[in-house]
Every structure is written in structure tokens, then in C-alpha cells.
Amino acid sequence: MSSPVLARPRPQYDAADLLTAYLPGSFYYSSPRGTLLADGVHAAVAAEPGASRAEAAARALADARAAGMVDPIVAGAVGFRPDDEASLVVPALVRRAPAPERTTAASAASAPARASRIVTPQSDLADYVEAVRKALLHIETGDIDKVVLARALDVTADAPVSVPPLLARLVHADPAAHAFAVDVTAPGDPAARTLFGASPELLISRRGRTVTVNPLAGSRPRSADDAENRRRIDDLRTAAKDRAEHELVIRQVADVLRPFCADLDVPEPEVVGTPTMWHLSTRITGTLAEPGDPASSSLALAEALHPTPAVCGVPTTTARDVIADLEPTRRGYYAGLVGWTAADGDGEWVVTIRCAEASGAAVRVHAGAGIVAGSDPDAELAETRAKFRTLLGALGVAE
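Taking an unreviewed UniProt entry as the reference, the chain is identified by name as isochorismate synthase belonging to Prauserella salsuginis. Entered under Sequence similarities (unreviewed entry) in the UniProt record, the comment concerning the chain runs "Belongs to the isochorismate synthase family."

### Concerning the packing of helix 2 (residues 53-66) against helix 7 (residues 298-305)
Remark: helix 2 packs on helix 7, axes separated minimally by 8 Å, with the N-to-C direction vectors making an angle of 170°. If you check the angle between helix 2 and helix 7, you find them roughly antiparallel. Together, R53, A54 and A57 of helix 2 and L299, A300 and E303 of helix 7 make up the contact between the two elements. Among the residues forming the contact of helix 2 with helix 7, the class breakdown is four nonpolar, no polar and two charged.

### Points about the sheet that holds strand 4 (residues 73-78)
As a general point, the strands of a sheet are linked pairwise by backbone hydrogen bonds and lie either parallel or antiparallel. With antiparallel pairing, the nine strands of this open sheet are ordered in space as 3-5-4-19-20-11-12-17-14. Since the sheet does not close on itself, it has two edges, and those belong to strand 3 (43-44) and strand 14 (261-265), each with one partner. The pairing of strand 3 with strand 5 (residues 86-90) spans two bridges and is classified as antiparallel. The residue bridging A43 from the neighbouring strand is V90, located in strand 5.

### Topic: the UniProt feature "domain: Chorismate-utilising enzyme C-terminal" (unreviewed entry) in the chain
Within this structure's numbering, the places UniProt gives as "domain: Chorismate-utilising enzyme C-terminal" (unreviewed entry) are residues 126-387. Within residues 126-387, the helical portion is 33% and the strand portion 34%, while the C-alpha atoms at the span's ends are 18 Å from each other.

### Quick word on empty space enclosed by the protein
Tallied over the full model, the rule gives two cavities of 30 Å³ or more. As for the largest cavity, its lining consists of 22 residues, of which E201, A310, I353, G368 and K387 are closest to the centre. For the lining of the largest cavity, the elements supplying multiple residues, two or more each, are strand 8 (146-157), strand 13 (216-221), strand 22 (362-372) and helix 9 (377-395). With four residues, strand 13 is the largest single contributor of residues to the lining of the largest cavity. Looking at the lining of the largest cavity, its residues break down into 10 nonpolar, five polar and seven charged. In this model, the second largest cavity occupies a volume close to 40 Å³. Around the second largest cavity sit Q122, A150, R151, A152, E327, P328, T329 and H366, which together line it. Looking at side-chain class alone, the lining of the second largest cavity contains three nonpolar, three polar and two charged residues.

### Notes on the nonpolar core
Judged by nonpolar contacts, the single largest core of 75 residues is most densely connected at F27, V45, V147, L149, I204 and I371. Here this core takes seven residues from helix 3 (residues 125-140), the largest share from any one element. If we skip the residues at most four places from it in the chain, I204 touches V211, T212, V213, L257, S298, L301, A302, L305, G347, E348 and W349. One finds A15, V155, A179 and L392 within the second-largest nonpolar core, a separate group that totals 33 residues.

### A word on helix 8 (residues 316-326)
Where helix 8 is concerned, the buried positions are T316, A319, R320, V322, I323 and L326. For helix 8, the angular spread of buried residues about the axis comes to 160°, placing them on one side. Within helix 8, the exposed residues directed more than 90 degrees away from the buried face are T317 and D325.

### Describing the pattern of salt bridges
Pairing between side chains becomes possible if they bear opposite charge and their charged atoms approach one another. On inspection of all chains with the given rule, the structure shows 25 salt bridges. Residue E357 pairs with R193 through a salt bridge whose shortest N-O separation is 2.4 Å. Residue E357 is found in strand 21 (residues 355-359), and its partner R193 is found in the loop between strand 9 (178-183) and strand 10 (194-199); the two are separated by 164 residues along the sequence. Using a relative accessible area of 13% as the deciding quantity, one classes R193 as buried. As a salt-bridge pair, E399 and R385 come within 3.4 Å of each other at their nearest N and O atoms. With E399 in the segment after helix 9 and R385 in helix 9, this residue pair connects regions lying 14 residues apart in the sequence. Residue classification places E399 among the partly exposed positions, given a relative accessible area of 32%. Beyond isolated ion pairs, a larger network of salt bridges with shared partners links R81, D83, D84 and R330.

### As for the sheet that holds strand 13
An order of 13-16-15 is seen for the three strands of this open sheet, with the pairing classed as antiparallel. Looking along the sheet, the strands with just one partner apiece sit at the ends: strand 13 and strand 15 (270-273). Looking at each pair of strands side by side, their axes are set apart by 30° on average, direction ignored. Alignment of strand 13 against strand 16 (residues 277-281), held across four bridges, turns out to be antiparallel. Directly across from S219, in strand 16, lies its bridge partner H279. Each of strand 13, strand 15 and strand 16 touches helix 5 (residues 226-238); the most contacted strand, strand 13, lies at about 150° to it. Packing against the sheet, helix 6 (residues 240-257) makes contact with strand 13 and strand 16, and its axis sits at approximately 150° to strand 13.

### Overview of the pairing of strand 12 (residues 210-214)
Counting buried residues along strand 12, four of its five residues qualify, which places the element largely inside the surrounding structure. The pairing of strand 11 (residues 202-207) with strand 12 spans four bridges and is classified as antiparallel. Pairing of R207 across the sheet is with T210, part of strand 12. The hairpin turn running from strand 11 into strand 12, its antiparallel successor, is two residues long, and G208 in that turn takes a positive phi close to 65°.

### Overview of the confidence of the model for the chain
Averaged over every residue, the pLDDT of the chain is 92; residues scoring 70 or more account for 94%. Confidence drops under a pLDDT of 50 for residues 1-9, and excluding neighbours within four residues, the segment shows seven contacts in the predicted structure. This model gives residues 104-108 a pLDDT under 50, and the stretch forms one contact once residues within four places in sequence are excluded.

Rules used in this analysis
- Residues numbered from 1 in each chain as written.
- Predicted model: local features only at pLDDT ≥ 70, side-chain atom pairs only at ≥ 80, totals over all residues.
- Heavy atoms only, no water.
- UniProt positions renumbered as here; feature names shortened; annotations may be inferred.
- Axes fitted to C-alpha atoms, helices over the stretch in contact; angles between N-to-C directions.
- Helix = DSSP H or I, 4+ residues; strand = E, 2+ residues; numbered from the N terminus.
- Parallel < 35°, antiparallel > 145°, perpendicular 65-115°, else oblique.
- Contact = heavy atoms within 4.5 Å.
- Nonpolar A, V, L, I, M, F, W, Y, C, P; charged D, E, K, R; others polar.
- Pairing = 2+ DSSP bridges.
- 1 Å grid on protein atoms, 1.4 Å probe; cavity = no way out; pocket = protein on both sides within 12 Å on 5 of 7 lines; lining within 4 Å.
- Points joined across faces, edges and corners; volume = space filled by probe spheres on them.
- Core = buried A, V, L, I, M, F, W, Y, C linked by side-chain atoms within 4.5 Å.
- Buried < 20%, exposed > 50% of the residue type's maximum accessible area, 1.4 Å probe, protein only.
- Arc of directions from axis to C-beta.
- Salt bridge = Lys/Arg side-chain N within 4 Å of Asp/Glu carboxyl O.
- pLDDT = per-residue confidence, 0-100.

Set out below in C-alpha cells:
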């Protein structure tokens, strides 16, 4: 066993300064836990498709410590399917700051840029409704209990899209979200690619022996009218369809975590809000039985949990096959995971939703909805339209 490396005192930065310092190619991540900005590449983390990224990350972190790095991390993103690409690195420089603060002050970041942008759906709205009907047939025949179907929009601008102001808008719109920007440029890409977004869904956070998971399933659009919002919240709390969908997710997440934990607390769900949506939410906490076990690192636990029924379905393998059959475009990084892990196993990973991928003048945006028995195809389509509002609003366009 290697001798422990004493962490040097970390210089304290301001969250706003790190957001301002973000440039494409950097890794940015902010959440209620704090803000992280990483630059440069000490080492890339390579793993064969389908192999454990956590094991590859552990090797890369051990090598970084042996090379003299103090408190190295692995940061980046992993795609939805086991054979999808991943972009994970040991950054050369990491700066940290507290969580972003909520502010009502006007800023240039709050106003979308005025530019010509064309929105093109990857498939017709009628095709999505028909895909939901086909998914319901799978549910009726017992093939699956739930599946999440997504659709994609391509936004084309008249000039290269600048990610920093888009990221800033997302952070200012909801400082409590898990905002991120990751360079996902692959060899052979004609232009740099950046994955960015503001996910409301915490896949796993680990601090020492404590782990926290916060699955979301069951949604309503947010209204501009307070009375209507109260009605939607009450409806979400009591709707049998949404409660059943949420229970499917919570049951599977808890089953995955229990073998790793000495104890696990699974409270009753509550309703949480984002600037565009209301969600049924359960914040699960546990105490790790063996925090020193590599299988209990934050990335290893994220791999064990992924994909949750909140973005895939039940049972997982069959639902993933249904998704591949019914969705016209491959998800790539959408509904994957993004975050960071440290050499001691601590870290934080979120589900890659409310996100987009920018390359040159093109941006692709995804949104999905959970299909269970009793789902209404038109209502599920409306849910995807509401979820698109987070990214389309930052881009200054509407579907």
C-alpha cells in the first residue's frame, strides 16, 4: 500500500471567479457541494468500451500520486451505453471554490445573445408520440415495466456558438443545479465538442463514509402562475402513475446501494423545483461499510448505479434495447454521467440531463420522459417540451 500523501492547503477562490475563468477545453462543475475548475491534462484515462472506468481511474490516480501530484482527481463524462465513448482525464491544475450564490443582480449572463438560430427536430413530433405508443405495447406485454424515451433537437447558429456565456446563464438561472462543461472532443472530430448543462439529478455524492443519491422521477412543468404551481405540486404528490414510476426508480437505486452500505435511509419522496420543472425527489443517504474498498469509490458507485430507471427503464437491459430500437438518434453522452472522483474515493457524479453538446455553430439538445403503464403519449411529448426549455432558454430560442 502506498504511503498517504498529505494534502496541501487549497487556495480559496470565489465561485464567480471560477465561472468567469472557464474557457472551452477546461472542466467546470458546480453544485451545492462547491465549485471546481480544472485545466490541462496530466493524463488521459483510457478504458476499453464496456470495461470499468472506475478501475482505469484508480490506476491513473495512483500513477499521478506516484508522479508527485498532491490530491489529484479524475474528471469528465461517460456516455449512456457501455460501448459509448467517455472523456475522463487527470487534470494538471484544479481550483476549488464554494457553491455559486443565488443573486438577483442583473448581469449580461442572464440575457440570451441575439443571434440567428434554426431549430430542427431529429424526428417529427408524431414519430415521438408513436414511439411512446410502441413502448406502451412493450409494457402491456410484460417486456418492461418502464422505459425512458428521449428526442433530440439540433440548433444551428449563424456563427460558432460560444459556450462560456451559455454556461454562465445556466448557473445564474439555478445556482443549486449541478452545472457542468466538459471537453468531449474525440479523435477525428472536425471541430471541438463541449458537453454542457445544468442537471437537477444527483447520481452519487461521496464524502468519507457518507454517500448521497437523489433520484428524480415523475414530473410536471412549472407554471408562471403560483396557484397553478400549487395545484401541479399537489397533483404530483398524489398521482398514482407518478408515484409508481418514482417507486420503480427508488427501489432499484436502494437495491444497488445496500450491499455497499452499513445502513441506508430511504425517506418518503418530496417535490423539488427547477426554473422549468417540478419533480418527485427522494434524497437517499447511506454509510459505507468499507470506504477504503475501491468498489466504494464515487465513480465505482456511479457505475454500479448507472443507468438508473430515471433515464433508462426496468429491467435495464431490455429497456436499453427498446430505447435503441425506438429512438432515431444515438444518445452518446446524454443520460450518461458527468463529475469527478478523488484518490481517496470521494467525489460527485450527476446524471447528464438538461444538457447539450456544442460543436462549431451546431448544438444538439436532448430531453426525455419516463413511460409506464398509464402514460399518455401526448402528455409525455409535452413533458419533453417543458424539459427542453432549460437549454433552449439559455440559447435564446424555442422549439
